[in-house]
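Coordinates in review
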Amino acid sequence: MAPTQSRSQRKAAFLQAAGEMYERLEAWYDAHPAATFEAIEEELRQQRRELMGGALATLIVGRDSGYQPAAPPCPTCGQAMRFEGYRPWTVKGLEGDSVLERAYYSCPGCVGAAFSPLDQKLALRADHWSGGAARVATRLGLQAKSFDLAAAGFSDAVGRDISGDSVARLTEDWGRRVAEQRSAEAERANRPGRRGERLTQRRLPEVAPITTPANISTDGAMLLVREEGWKEVKIVAISEVRTQPASARQTAQPSRRDADALVTLSQHSYQAGLWDADTMALYQYAEGLRRGLDDCPKRSSVNDGALWIKRITDLNFPGVPQIVDWSHATEHRWAVANAVHGEHTAAAHQWVEPQLDRLWRGQVAQVVETLDQLDLQQPRWPDLVQEAPNYFRSNQDRMRYDSFRARGYPIGSGTVESAANTVVHHRLRRPGRGWTRNNGQAMLAGLSELHSGRFEHAWYHLALN
Ligand SMILES: [Zn+2]
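This report concerns the structure included in the present document. (Residues numbered from 1 in each chain as written. Predicted model: local features only at pLDDT ≥ 70, side-chain atom pairs only at ≥ 80, totals over all residues.)

As for the nonpolar core
The biggest cluster of nonpolar side chains holds 62 residues, and the ones touching the most others in it are Ala137, Phe154, Val167, Ile235, Ala272, Val423 and Val424. The contact partners of valine 423, leaving out residues within four places of it in the chain, are Ile235, Tyr270, Ala272, Leu447, Ser448 and His451. (Core = buried A, V, L, I, M, F, W, Y, C linked by C-beta atoms within 7 Å. Buried ≥ 20, exposed ≤ 12 C-beta atoms within 10 Å, placed from the backbone. Contact = placed C-beta atoms within 7 Å.)

The structure is reproduced here in C-alpha cells:
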C-alpha cells in the first residue's frame, strides 16, 4: 500500500502522536512526582526524539514516497526499472530516528542494480546518519581529544548514542574528501598558465581574503605514523597582520619590544599534511591564492630559518621579506651562552643580553664575529651550539631586525609553533602506535579546515560537489 497521505491525514497523524506523547509525559510525572527539572527534561527529550522521528517520516513520505508512475530508467543500462514495492530505510538524525517507507526499484537486466528515487532527492547518506548528525559528529571528532570523547559529547548533546568507531569513520571519511579536494585545488592552482588565461582570472575561489598586510609562516611538526615511525608534518599558516601603537601593549615585565608598535597576527588559516617540501610548496601557494595574497599590499614571512622553507617561500612569494623568528634566534643564542658559561648562570646572562641587544639593533655581522671567535664546532657541544655560527651567518639577511621592526613587520611570536600545537599536536598526539598514513592525512586535512574557521564552509561546499 502506498504510504502517501493527504495533508489533513498527515496533520491528524502528527496531532494524535503528539497527544499520546503528552499523555505519556503526564503518566511519567505521576510516577515520578519528586523528579528534578533535569530528570523531567531528559524524559521529555527521549519522547521528543520519538515524536519528531515519526513526524519527519510522516512529513516526507506522506507527501512523496518516491513512487513514479513511469518507472525510472536504470542508471547503468537505461532500460526501465521494475517497481519492487516499498522498503524501509532508517535515518539516524539530530531530531530523532526516522523510518522512511520509500518506493524501491530494481533493474531486470543488471544484477544488484537497485534504486530509490527518494534517497536521491533527499541526498540520504549510505551510512544511515542524517547529514546534520554526521556534521555534528565530524566536528566533535576533530575537536575532542579522542573519538571516544567525541562520541560521549555527541550522545550527551544529541540524546542519541553513537560509538567512538562511528565518529572515527565519519570524521576520517570527511577528512579524506577534504584532502582529495584540496589536492585537486593545489594542482589547479599550480598548473602552468594556459593560452587565453587572463592574469586576473581566479584559479581558486577566495575564502576570507586578507586586505591588511599578511604573513606566511611554514614549519614542521612530528607525527607518529603506524609502521613508519615519527614523520614530519609540514604546515603553513597564513595570517592577517595588525599593528597597534606601543601603548596598546599589556606587559607585566619590561622588554625590548616595549617601544615598538604592537604587531599581532590573527585570522589564521592552515594547510597541513605528511608532505615533502615540494608538495608543501603546492599547498602553500594554493592557500595563498585562497586568502588573496596576490592582492595584498604588504607581505612578510616569519619562519624558523630552515632552508627548505626559505626555498619554497621564495619560489611562491618572490620578493617577500623572510624573517627568522626572533624566538629561534634567541634560542640559539641562549644555547651558546649556556654551553660556554654554564646553564642559566649569571655569566651566561651577562654574555647573552648584550648579544641579543646587538641582534635586536640589526648588528648581525658582529654577532657572527663573536661566535666565530668561540670555536664552537667541537663534538662536546650540542648540535644547536655547533650549528650556531653557520645558522647566524647563513640567515644574516633574515635577521635584520632593526629594519624589519622599523617597517612594522612581525618578527615572530611563535605563530607557527602554536599552529603545530593547535592543528597537529593537540589532537593527533595519542598513545600507542599512532595513525595510519591515510587516516593521519585525512585528520590533518579536516583539522586544517576546523582551525581555519572554515569547517562549515568546507562541509557545505563539499556536500554540493
Ligand atoms: Zn540495468
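Thoughts on helix α10 (residues 346-360)
Here α10 is 15 residues long and its end C-alpha atoms lie 21 Å apart, about the 21 Å a rise of 1.5 Å per residue gives. Glycine 362 occupies a position one or two residues after α10 and carries a positive phi of about 90°. (Helix = DSSP H or I, 4+ residues; strand = E, 2+ residues; numbered from the N terminus. Expected span 1.5 Å × (residues − 1).)

Some thoughts on the packing of helix α9 (residues 326-341) against helix α12 (residues 383-394)
Their axes nearest at 9 Å, the elements α9 and α12 cross at an angle of 130°. Between α9 and α12, the angle falls in the class oblique. Here α9 runs over α12; the crossing is left-handed. Here His332, Ala335, Val336 and Ala339 of α9 come into contact with α12, specifically with Leu384, Val385, Ala388 and Tyr391. Its residues assigned to classes, the contact of α9 with α12 comprises seven nonpolar, one polar and no charged. (Axes fitted to C-alpha atoms, helices over the stretch in contact; angles between N-to-C directions. Parallel < 35°, antiparallel > 145°, perpendicular 65-115°, else oblique. Left-handed = near helix turned anticlockwise from the far one by under 90°. Nonpolar A, V, L, I, M, F, W, Y, C, P; charged D, E, K, R; others polar.)

Quick notes on unusual backbone geometry
Positive phi is not limited to glycine here, since glutamate 227 has a value of about 65°. Checked against the element boundaries, glutamate 227 lands in the loop between β4 (214-225) and β5 (229-244). Accessibility expressed as a C-beta count within 10 Å gives 8 for glutamate 227, which makes it exposed. Phi angles above zero are rare outside glycine, and histidine 344 is one such case at about 50°. Inspection of the secondary structure puts histidine 344 in the loop between α9 and α10. Of the residues examined, histidine 344 has 11 C-beta atoms within 10 Å and is grouped as exposed.

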